[in-house]
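Given next are the chains, with one letter for each unit.
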Amino acid sequence: MPKALAPYGSMMKPILISRIADLRAALSAPRREGQSIGLVPTMGYLHRGHMALVDQARGENGLVVVSIFVNPTQFGPNEDLDTYPRDLEGDLKLCAEHGVDIVFAPDVADMYPESMATTIDVAPLSTILIGAQRPGHFQGVATVVAKLFNIVQPSRAYFGEKDFQQLTVVRRMVRDLSFDIAIVGVPTVREADGLAASSRNVRLSPEDRSAAAVVSRALDLAEAMVAGGERDPAAVAQAVRQTIAGESRAGTPAVDVRLAATLGELDVIGAAPVVVLVTVPFGSVLLLDQREMAGAAGANQKRKTA
Ligand code: PAF
């Protein structure tokens, strides 16, 4: 039987499970009883952003599973796998406070007992934008998410809108492979100065941490421009770049204005919702942010690619 954790205060949950077989055993009775299962896939070091996903899952499902797995296959050779922050005890405490039923924290050998012969590639979504900067990243994400979906078989799975391309990749994979799972995108949680909550924020120096607020200010400007009638995606992207360049601590940003539904390119901001996607380095930390916004109602949409 799965090992129950010592209770945090008066709370008996969550149950910590590290083996796939134990998780399947723990979920079989609730599933038979018809309970809906909400899955929140994470890499741990949980923060307010994750807890917004958990709270939404808690409100919509009979049982909530949070997976914590720092997935090696989505990190490139020179990326931060070894230094990725980890704090299982802290994560369990937060999960207890937010009413999570099960924390699934497998080790690498359980998830990948042998080298994988199968990879899920949601092309071309996985090779554009961040996928072009991080070759293999979204193949690693899609493959581990598909494994988690097969292991947990949730009714719903929750992903942050901050990682907009990841959410788009997962939605497309679910449609293509006919997973019977509702994918729920949850709005980005922000700090008081607008910085998007992220596990990587703790690695910012205090100076970079306060400078990083420029990213959401730049996105505010983009939103105001589109709301004010700007229809040229290049002009919006340029304004975002210029605003970020005004902060000397920021590295060179990648800024893209895309169709929100498909991440396809566009020449003119038309009727369909668009998303402004930003990645920008502060020291060795690459920050991501995005803003989805309504297009111009009734305007002509000229799409280059889907
Ligand atoms: O967003 C994350 O934390 C990860 O990419 C995910 C979805 C848990 C897959 O490892």
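Residues numbered from 1 in each chain as written. Predicted model: local features only at pLDDT ≥ 70, side-chain atom pairs only at ≥ 80, totals over all residues. Heavy atoms only, no water.

Trainee: Is there a simple way to explain the confidence of the model for the protein chain in this structure?
Mentor: The predicted coordinates should not be examined in detail at positions where pLDDT is low. When pLDDT is averaged along the protein chain, the result is 93, and 93% of the positions lie at 70 or above. In this model residues 1–10 is a low-confidence stretch, pLDDT under 50, and it forms 15 contacts with partners more than four residues away in sequence or in other chains. Every residue in residues 298–306 scores below 50 in pLDDT, and together they form 24 contacts with partners more than four places removed in sequence or on other chains. (pLDDT = per-residue confidence, 0-100. Contact = heavy atoms within 4.5 Å.)

Trainee: I'm lost on the side chain of His47 in this one. Help?
Mentor: Within the fold, His47 resides in the loop between strand E2 (37–42) and helix H2 (48–60). A polar contact is formed between the side chain of His47 and the backbone nitrogen of Ser199, at a distance of 3.3 Å. If sequence neighbours within four positions are ignored, His47 has contacts with Ala197, Ser198 and Ser199. (Helix = DSSP H or I, 4+ residues; strand = E, 2+ residues; numbered from the N terminus. Polar contact = N/O pair within 3.5 Å; in protein donor to acceptor, adjacent residues only side chain to side chain.)

Trainee: Help me understand the site of the ligand in this model?
Mentor: Around the ligand, the neighbouring residues are Pro41, Thr42, Met43, Asn71, Gln74, Val141, Val144, Phe159 and Gln166. In this structure, Gln74 approaches the ligand through a side-chain N or O atom, which is 2.6 Å from an oxygen atom. Measuring from an oxygen atom of the ligand, one finds a side-chain N or O atom of Gln166 at 2.7 Å. Look at the ligand: alone it shows 290 Å² of surface, and the protein chains cover 89% of it. Breaking the shell around the ligand down by element, the ones donating at least two residues are E2 and helix H6 (137–152). Partitioning the shell around the ligand into residue classes produces five nonpolar, four polar and no charged. (Near = heavy atom within 4 Å. Areas by Shrake-Rupley, 256 points an atom, 1.4 Å probe, with all protein chains shown as cover. Nonpolar A, V, L, I, M, F, W, Y, C, P; charged D, E, K, R; others polar.)

Trainee: Sorry, what's going on with the packing of aromatic side chains here?
Mentor: Where two aromatic rings form a pair, the distance of their centres and the angle of their planes describe that pair. Counted by the stated rule, this structure contains four aromatic pairs. Aromatic side chains Phe69 and Tyr112 sit 6.0 Å apart centroid to centroid with 50 degrees between the ring planes, which places their arrangement in the tilted category. With Phe69 in the loop between strand E3 (63–68) and helix H3 (88–97) and Tyr112 in the loop between helix H4 (108–111) and helix H5 (130–133), the pair connects residues that are 43 residues apart, well separated along the chain. Considered together, Phe69 and Tyr112 belong to a single accessibility category, that of buried residues. Judged by centre distance (5.7 Å) and plane angle (80 degrees), the ring pair of Phe75 and Tyr84 falls under edge-to-face. Summarising the burial analysis for this pair, Phe75 and Tyr84 share the class buried. The rings of Phe149, Phe159 and Phe179 are connected pair by pair, giving a single aromatic cluster. (Phe/Tyr/Trp six-rings, centres within 6.5 Å; stacked < 30°, edge-to-face > 60°. Buried < 20%, exposed > 50% of the residue type's maximum accessible area, 1.4 Å probe, protein only.)

Trainee: Which parts of the structure should I look at to understand the pairing of strand E5 (residues 156–160)?
Mentor: Both faces of the sheet carry side chains from a regular strand, because those side chains alternate between them. Two strands pair when backbone bridges link them, and E2 and E5 are joined in this way by two bridges, in the parallel orientation. By the bridge assignment, Leu39 is partnered in E5 with Ala157. For the crossover from E5 across helix H7 (residues 164–176) to strand E6 (residues 182–186), the handedness is right-handed. (Pairing = 2+ DSSP bridges. Right-handed = clockwise from strand over helix to strand, strands pointing away.)

Trainee: For this particular structure, what's the right way to read the sheet that holds strand E7 (residues 254–259)?
Mentor: Paired through backbone hydrogen bonds, the strands of a sheet run either parallel or antiparallel to each other. The strand order E7-E9-E10 describes an open sheet built from three strands, whose pairing is antiparallel. Of all strands in the sheet, those bounded by a partner on one side alone are E7 and strand E10 (285–293). Across this sheet, the average inter-strand angle for adjacent strands is 15 degrees, counted without regard to direction. With nine bridges joining them, strand E9 (residues 274–282) and E10 adopt antiparallel strand pairing. When the sheet's bridge partners are listed, Val274 is paired in E10 with Met293. The strands touched by helix H10 (residues 233–245) within the sheet are E7 and E9, with E7 carrying the most contacts at an inclination of about 150 degrees. (Axes fitted to C-alpha atoms, helices over the stretch in contact; angles between N-to-C directions.)

Trainee: Teacher, can you tell me more about the pattern of salt bridges here?
Mentor: Between side chains of opposite charge, a pair can form as their charged atoms come close. Across all of its chains, the model carries 14 salt bridges by this definition. Residues Arg48 and Glu191 are paired through a salt bridge, measuring 3.1 Å at the closest nitrogen-oxygen approach. Here Arg48, found in helix H2, pairs with Glu191, found in the loop between E6 and helix H8 (206–211); they are 143 residues apart in sequence, far enough to count as distant. For Glu191, a relative accessible area of 29% corresponds to the partly exposed category. Here Glu223 and Arg291 are joined by a salt bridge, their closest N and O atoms 2.8 Å apart. (Salt bridge = Lys/Arg side-chain N within 4 Å of Asp/Glu carboxyl O.)

Trainee: What's the story with the UniProt feature "binding site: (R)-pantoate" (unreviewed entry) in the protein chain in this structure? I'm lost.
Mentor: The sites that carry the UniProt feature "binding site: (R)-pantoate" (unreviewed entry) are, in the present numbering, Gln74 and Gln166. In summary, the annotated positions, though distributed over 93 residues, converge in three dimensions, the widest C-alpha pair being only 11.4 Å. Take Gln74: it is sitting in the loop between E3 and H3. With respect to the helices and strands, Gln166 occurs in helix H7. You can call Gln166 buried: its relative accessible area is 18%. Ignoring anything within four residues of it in the chain, the contact list for Gln166 reads Phe138, Val141 and Phe159. (UniProt positions renumbered as here; feature names shortened; annotations may be inferred.)

Trainee: Help me understand the nonpolar core in this model?
Mentor: Considering soluble globular proteins, one finds that nonpolar side chains tend to be buried as a cluster. Core analysis: the largest hydrophobic core is formed by 43 residues, its most contacted members being Val65, Phe149, Met173 and Ile183. Secondary structure elements with two or more residues in this core: helix H1 (20–32), E2, E3, strand E4 (102–104), H6, E5, H7 and E9. Here the element with the most residues in this core is H6; it accounts for ten residues. Those residues in contact with Val65 that sit more than four places away from it in its chain are Leu27, Ile37, Gly38, Leu39, Val40, Ile102, Phe104 and Val152. Listed in part, the 28 residues of the second largest apolar core include Ala211, Ala237, Val276 and Met293. (Core = buried A, V, L, I, M, F, W, Y, C linked by side-chain atoms within 4.5 Å.)

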